[in-house]
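Each chain is listed here by its residues.
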Amino acid sequence: MNAADLAYLHTRVSMLEEKLLDPARIHALIELPADSRPPDGTGTTEAGRDAVAIQYAGDLDQSNVTILLRELALLIRPLSGSSRDLLGYWAHRFELSNLKAIIRGKMSGQPQQAIEKKLLDMGNFTRLPTAELLQSDNPAELMRRLERTPYADIAHQARHLLDQGEALFALDAAIDRRYFAGLARRGNDIGNLSGQLLRGIIGSIIDRVNLVWLLRYRFAYSLPPAQAYYLLIPASQRLPAAQLQQLAQRANFEEAIGNLPRPYDTLLEGTRNNTEVTLRLEFETWRIAGNVLHHSSFNVARALAYMVLRERDLRRLRAIIRGRNLHLAPHLIRAALGLQLPEDAEAELV
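If you're wondering where the values come from, they're calculated on a predicted model, not measured in any experiment.

So, how was this worked out
Residues numbered from 1 in each chain as written. Predicted model: local features only at pLDDT ≥ 70, side-chain atom pairs only at ≥ 80, totals over all residues. Heavy atoms only, no water. Helix = DSSP H or I, 4+ residues; strand = E, 2+ residues; numbered from the N terminus. Buried < 20%, exposed > 50% of the residue type's maximum accessible area, 1.4 Å probe, protein only. Contact = heavy atoms within 4.5 Å. Areas by Shrake-Rupley, 256 points an atom, 1.4 Å probe, with all protein chains shown as cover. Phe/Tyr/Trp six-rings, centres within 6.5 Å; stacked < 30°, edge-to-face > 60°. Lys NZ or Arg CZ within 6 Å of the ring centre and 35° of its normal. Patch = residues over 30% accessible without salt bridge, like charges linked within 9 Å, V, L, I, M, F, W, Y side chains within 5 Å. Salt bridge = Lys/Arg side-chain N within 4 Å of Asp/Glu carboxyl O. pLDDT = per-residue confidence, 0-100.

### Details of the overall build of the protein chain
Within the protein chain one finds 19 helices and zero strands. Looking at the 350 residues of the protein chain, the share that counts as buried comes to 52%. Taking the intrachain contacts of the protein chain between residues at least 6 apart in sequence as the baseline, contacts between residues at least 24 apart amount to 64%. A total of about 16300 Å² of accessible surface is found on the protein chain, and carbon and sulfur atoms cover 50% of it.

This is the structure in structure tokens:
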């Protein structure tokens, strides 16, 4: 990328950054009565408009994805080469949720119309021939058609797992594993400062996914250590393969948490279940992304950092709106978001 492209990207990210919600705005939205409009300070912002739009959009997941893809399209515009490939690839995980819905639907014999209702509109980021896949008469035909798409490698793996009679969760895990491995590979392909910062964000995401998966497979699904380790992403940042193998050998959740390496021993101290582990590791990813966004300039990593934080905010808005619609007390909404106390939350949101 040349200096002009980086300057354009930097300006775009800085403009979009104003949409991110600060702690005060999050807490104001949580305290807002269910029948009230967004409070002053949010009603005139894009974030406030997004909150209202989501509230009345019906399909909240589609609303979130539409917002994210629209902003991602703005950020990708000046990019080329590996940087453009990386940010475009980030959006593919939404399409993979479509692929999983189609596979599950076909395997369970759901009507085409019922499957279609579960699919997200990917707009210009669409790569799957959804209509063609939906017309498949059975899972085998679906896989053959998928092999003619950019997701051919996933189709090969999925067909192998189906032939082996593996459970659907193994198929989902295989799809996710290939996606995250591809994300790590694309991050590694970018050099200089951007690559270093990108690997920090992507690495924290992959470490989180690996650790949460490992705890789930071993202590919720009771899979043997070797199988649990095999299902993990073949990439890491601060949780190397040898460490993951050792954790897989632990007898129970508490023993695994008690034998984590730094910095995860401190980050996850006292966690009681996988939900708490997930929340704390998400906060760690958001902390790293926030540092990149606020303390660096003229690099591609800021764009990814913004998208990570923007998705966090949209997820929080969705949870707040759902909580308000269910007339949940503010402290219960905070608990769902991992924000038990306002003063603690403000520190964690930084």
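### A few points about the packing of aromatic side chains
Using the criterion set out here, one finds seven aromatic pairs in the structure. Measuring from ring centre to ring centre gives 6.4 Å for Phe180 and Trp213, while their planes differ by 75°; the resulting arrangement is edge-to-face. With Phe180 in helix α10 (residues 168-188) and Trp213 in helix α11 (residues 192-219), this residue pair connects regions lying 33 residues apart in the sequence. Each member of the pair, Phe180 as well as Trp213, carries the same accessibility label: buried. Pairing Phe283 with Trp286 gives two aromatic rings, centres 5.2 Å apart and planes at 75°, and the pair type is edge-to-face. Remark: Trp286 and Phe283 occur in helix α16 (residues 274-295); sequence separation between them is three residues, near one turn of the helix. As far as the burial class goes, Phe283 and Trp286 line up, both buried. Here a set of aromatic residues connected by ring pairs shows up, and it is made of Tyr89, Tyr179, Phe180, Trp213, Tyr217 and Tyr221. One cation-aromatic arrangement involves Arg93 over Phe94; the distance from NZ or CZ to the ring centre is 4.7 Å. The positively charged end of Arg186 is found above the aromatic ring belonging to Tyr89, 3.9 Å away from the centroid.

### Comments concerning the environment of Gly323
Mapped onto the elements, Gly323 comes out in helix α17 (residues 301-325). Here Gly323 falls in the buried class, since its relative accessible area comes to 3%. Between the alpha carbons of Gly323 and Ala336 there is a distance of 9.1 Å; along the sequence they are 13 residues apart. Leave out the neighbours within four places in its chain, and Gly323 touches Leu328 and Ile333.

### A closer look at a nonpolar patch on the surface
On the surface, Leu326, Leu328 and Leu332 cluster together into a nonpolar patch covering about 290 Å² of accessible area. Among the structural elements, Leu328 can be located in the loop between α17 and α18 (330-337). Using a relative accessible area of 39% as the deciding quantity, one classes Leu328 as partly exposed.

### Remarks on the confidence of the model for the protein chain
Mean pLDDT over the protein chain stands at 85; residues scoring 70 or higher make up 88%. A low-confidence stretch, residues 38-60 (pLDDT under 50), is modelled with 39 contacts involving residues beyond four sequence positions or located in other chains. pLDDT under 50 marks residues 342-350. Its contacts with residues more than four places away, or in other chains, come to 15 contacts.

### Notes on the pattern of salt bridges
The final tally for this structure, using the stated rule, is 17 salt bridges. With a closest N to O distance of 3.0 Å, Glu282 and Arg315 form a salt bridge. Residue Glu282 is found in helix α16, and its partner Arg315 is found in helix α17; the two are separated by 33 residues along the sequence. Residues participating in the shared-partner salt-bridge network are Lys19, Glu71 and Arg310.

### Regarding unusual backbone geometry
Residues Arg262 and Pro263 are joined by a peptide bond in cis, for which omega reads 0°. With respect to the helices and strands, the residue Pro263 is situated in the loop between α14 (253-258) and α15 (264-267). The residue Ser222 is not glycine, and still its phi comes out positive at about 60°. Topologically, Ser222 is positioned in the loop between α11 and α12 (225-230). Although it is not a glycine, His327 adopts a positive phi angle of roughly 60°.

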